[in-house]
Amino acid sequence: MPETANPGTGKLDLTELSFDDFKNVVVNDYRIAYESRQASLIGRREVLTGKAKFGIFGDGKEVAQLAMAKVFRKGDWRAGYYRDQTFMFATGMSNLKEFFAQLYANPDITEDPASGGRQMNCHYATRFINEDGSWINQAESMNCSADMSTTSGHMPRLLGLAYASKLYRQNKELSSSATFSVNGNEVAFGTIGNGATSEGLFFEVFNAAGVLQVPMAISVWDDAYAISVPASIQTTKEDISEILKGFQRETGTNGYEIFKVRGWDYVALCETYERAIAVCREEHVPVLIHVTEMTQPQGHSTSGSHERYKTKDRLTWESDYDCLLQMRNWMIESAIITEDDISFIEDEAKKYVRECQREAWNNLGDKIKADIDEAVHLISQLTQVSELKKELEEVCSEVLTCVDPGRKDAVAAARKALRLTIQETSEEKNALIDWLDRENNKNEDRFNSKLFTGSSSSPLKVNVIAADYAEDAPSLDGREILNACFESNFERDKTIVAFGEDVGAIGDVNQGFAGLQNKFGNLRVTDTGIREASIVGKGMGLAMRGLKPIAEIQYVDYLLYAITVLSDDLASLSYRTAGGQKAPVIVRTRGHRLEGIWHSGSPLGIILNALRGLHICVPRNMTQAAGMYNTLLRGDEPAIVIECLNGYRLKEKLPANVGQFTVPLGKAEILREGPDMTVVSYGSTLRVVMDAAVELEKLGVNIEVVDPQTLYPFDTDNVCGSSLQKTNKLLVVDEDLPGAASAYILQKVLEAQKGYYLLDSPPRTLSAKDHRPPYGSDGDYFSKPSVDDIVETVYAMMSESNPAKYPPIY
Ligand SMILES: Cc1ncc(C[n+]2csc(CCOP(=O)(O)OP(=O)(O)O)c2C)c(N)n1
Ligand SMILES: [Mg+2]
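The rules behind each value
- Residues numbered from 1 in each chain as written.
- Chains lettered and ligands numbered in written order.
- Predicted model: local features only at pLDDT ≥ 70, side-chain atom pairs only at ≥ 80, totals over all residues.
- Heavy atoms only, no water.
- Helix = DSSP H or I, 4+ residues; strand = E, 2+ residues; numbered from the N terminus.
- Rg over C-alpha atoms; globule rule 2.2 N^0.38 Å.
- Buried < 20%, exposed > 50% of the residue type's maximum accessible area, 1.4 Å probe, protein only.
- Contact = heavy atoms within 4.5 Å.
- Areas by Shrake-Rupley, 256 points an atom, 1.4 Å probe, with all protein chains shown as cover.
- Lys, Arg positive; Asp, Glu negative; His and termini not counted.
- Charge placed at Lys NZ, Arg CZ, Asp CG, Glu CD.
- Core = buried A, V, L, I, M, F, W, Y, C linked by side-chain atoms within 4.5 Å.
- 1 Å grid on protein atoms, 1.4 Å probe; cavity = no way out; pocket = protein on both sides within 12 Å on 5 of 7 lines; lining within 4 Å.
- Points joined across faces, edges and corners; volume = space filled by probe spheres on them.
- Nonpolar A, V, L, I, M, F, W, Y, C, P; charged D, E, K, R; others polar.
- Pairing = 2+ DSSP bridges.
- Axes fitted to C-alpha atoms, helices over the stretch in contact; angles between N-to-C directions.
- Expected span 1.5 Å × (residues − 1).
- Phe/Tyr/Trp six-rings, centres within 6.5 Å; stacked < 30°, edge-to-face > 60°.

*Asks:* So what's going on with the overall build of the protein? Which residues, and what values?
*Replies:* Across its full length, the protein carries 27 helices and 22 strands. Taking 2.2 N^0.38 as the reference for a compact globule, 810 residues should give roughly 28 Å; the C-alpha atoms of the protein span a radius of gyration of 30 Å, in line with that estimate. Across the 810 residues that make up the protein, the buried fraction comes to 60%. Of the contacts formed within the protein by residues at least 6 apart in sequence, a portion of 79% connects residues at least 24 apart. Surface accessibility of the protein: about 32200 Å² in total, with carbon and sulfur atoms responsible for 51%. Of the charged side chains in the protein, 85 are positive and 114 negative, and the gap between their average positions amounts to 0 Å.

Shown next as structure tokens:
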């Protein structure tokens, strides 16, 4: 195998340690790594024998993680991937019992605090909010942001976690935020596999951190493979640190410090991490630590065997250069420990890991067994009074003989018993139904809860304050209303920051932030490079560390460049940690009709489908938008606000309390009353609908126009459904694709609000065409709903139900 890295000098910094202390440290490190290896070996066996679904482990990566753990301090952050169990054990952020609890998908957060059984094994997270949603003292704890399975998906978040340190250090107004940071001395540690460095997110974030000069330490665990695909197909020159050399800082430039070290060389690793993290922490210089010559003793995961694609030579090299074996040999050669003593430690470690595994297995198994016993007991009681004794006994015996049963087996048995006894009534059956109800509630909480934090600080619970208008309230451009709203909030709350492309110097392309950088400084109102994924990731990292970011995506059309971060990471964060983490970032963007294929987007269907876990706000004008910002900036859940791109220069009255009034989320408004038809619309099409309403009146048709204001949550007071009680006719108008957001609205109104039963004619949707909107006013007219289209659609529906009164127009 190639000799690529700088060999260690064989020295560790011993200034503070006696030789005995030093030996103890090294031996303890080895024990942690050895236990971690045992966990990987046993974990794989548990999967292969059917006790767990899937396994991916950190074997072959242990020793570097010991070195990384030595320089990881309280207040620091990790954003990493599924190979980091040794690091998590060495820092104490996780332990073996939790490792196995997660492998077995234990939904109890006291057993698997990272995800409450929701994530695959080795997907780590610490809980940094309390049960009530309040923050823990992050400066006093070690912090791990929640892992994901997507390779490189965590990189944008890593940037944000590091950027928070920069803001805490440089913005003196934040010095009172000591529970989040001590003068920005915290490092954000990232880990990534060599293969995942091929992803765009890696390169985007790598560049951004070099520009920003943030304390971000990226370790690349390089085992020369990404599942079966070798480095030759992944990386130019097969060497990531080699090709990133241009990022090395030089005198007078920004940039990185880049290190390369072998993954089996304990001494060199400890030295390297010591040096790298010192410069990163003190000077806020990002560092890359490229750890080469790592191995995969058991292959990539439990899904296949690496003997299929690695050569014999490679496999032999991997077993010779196994980092544990190398560390062991070095310890014996350096007289740190004898062969006998190390064997003893290994035997003890094996026993201990087994114990942890059994405890985790029994712990979950006992609870499942208790559920099954209860279900069987209740079904047996029912058997006593039922005509279907034999069938019910079979249900019991089936569930009792089930191999490795789960909670679903107890519930499924009860449901089957109830199906069988469909014709019977008895107290025993009622008892079973009650039990099933209780179990359903518990399982709802175990498996379906915490899409949002739902704490007392939820934006859904923010006080509703109406907009207040002075008699002589001035009429301003919409953008000026927003500007006044932002200014007031920035004055009120020093933790609010806004950033995005052109947000700083010119105050965004539509001037919502105009003048605010001058007033609040460029740490609070900030330009960024063109990197949408990083903008959202930055927002996430800042929000996780107690700041209130408004992350701006210039046009909603460019949201797709950030959709992976928004969907995989931000939207799933609360759910995938079972409420252990939150990132209340506000994504500000603008869209709907204007001009051209990439400046008229209204992809609400995409957003609704990809971003459950964010509040989705579609204000019809800038005053409503301001009220939504006022709500969201006082809440603790993430949201996206899509402003109307064609509304910035329309006049609106300035509320006297422009920075205080709140628009509640999920509350629909009736903009115009009318008995003939309910027309639901949102965003820019509302103005078109209102114009159409005037035309329709001339034809003797009076429509009721409902603005849901937010699509998620959607009309929680059933305003649409109630309106249908009066009109019995429903039209949904938007400018998304046919069958996209309008289909979602139909589902809400017809199914959830039971509107179906109120209809006396088929419901309709009127949306844009299947293609993107062409450039120019004619393009707009012929591809998005126009006043004429709306008038004719409404009128046709009226005509259909009463042709005598409403003869066809043409
Ligand atoms: C975005 C994405 N693409 C593909 C995958 C499937 N996948 C999972 S792990 C992996 C290989 C990763 O290799 P590397 O980054 O070198 O890390 P290693 O597993 O070797 O430590 C792939 C392709 C994924 N999880 N996410
Ligand atoms: Mg790899």
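Still to come is the rest of the account.
*Asks:* Describe the nonpolar core, listing the residues and the values that go with them.
*Replies:* Residues Met216, Ile218 and Leu711 are the most contacted members of the largest nonpolar core, which totals 124 residues. At nine residues, the largest contribution of residues to this core is made by helix α5 (residues 155-170). Those residues within four positions of Leu711 in sequence are excluded, and the remaining contacts are Leu604, Leu608, Ile616, Val618, Tyr682, Tyr744 and Ile745. Listed in part, the 90 residues of the second largest apolar core include Trp264, Leu269, Ala349 and Val395.

*Asks:* Which residues make up the layout of surface pockets, and what values go with them?
*Replies:* Of the volumes computed, that of the largest pocket is approximately 810 Å³. Along the wall of the largest pocket there are 32 residues; nearest its centre are Tyr104, Ile368, Asp404, Pro405 and Gly406. For the lining of the largest pocket, the elements supplying multiple residues, two or more each, are α4 (96-103), α12 (339-385), α13 (389-400) and α14 (407-420). The element best represented in the lining of the largest pocket is α12, accounting for nine residues. Across the lining of the largest pocket, the residue classes tally to 16 nonpolar, eight polar and eight charged.

*Asks:* Give a detailed account of the sheet that holds strand β3 (residues 188-193), specifying residues and quantitative values.
*Replies:* Here six strands make up an open sheet; going across it, the order is β2-β1-β3-β4-β8-β7 and the pairing parallel. On the outer flanks of this sheet lie β2 (143-144) and β7 (257-262), each paired with one strand and no other. Strands β1 (77-79), β3 and β4 (216-221) of the sheet are contacted by α5, whose axis makes an angle of about 165 degrees with β3. Together, β3, β4, β7 and β8 (287-292) form the strand contacts of helix α9 (residues 266-283), whose direction differs from that of β8 by roughly 165 degrees.

*Asks:* Lay out helix α25 (residues 741-752) in plain terms, naming residues and giving numbers.
*Replies:* Here α25 contains 12 residues, and its C-alpha end-to-end distance of 15 Å stays within 8% of the 16 Å for a straight helix at 1.5 Å per residue. Where α25 is concerned, the buried positions are Ala741, Ser742, Tyr744, Ile745, Leu746, Val749 and Leu750. Each element contacted by the buried residues of α25 is listed here: α21 (604-610), β18 (677-681), β20 (710-712), α24 (719-727), β21 (730-733) and β22 (764-766). Trailing α25 by a residue or two, Lys754 shows a phi angle of about 60 degrees, which is positive.

*Asks:* Describe the packing of aromatic side chains, with residues and values.
*Replies:* Two measures describe an aromatic ring pair: the distance that separates the ring centres and the angle between the ring planes. Enumeration over the complete set of coordinates arrives at 32 aromatic pairs. Plain terms: the ring middles of Phe128 and Trp135 are 6.0 Å apart, the flat faces sit at 15 degrees to each other, and that makes the pair stacked. Here Phe128 falls in the buried class, since its relative accessible area comes to 0%. Judged by relative accessible area, Trp135 falls into the partly exposed class, the value being 25%.

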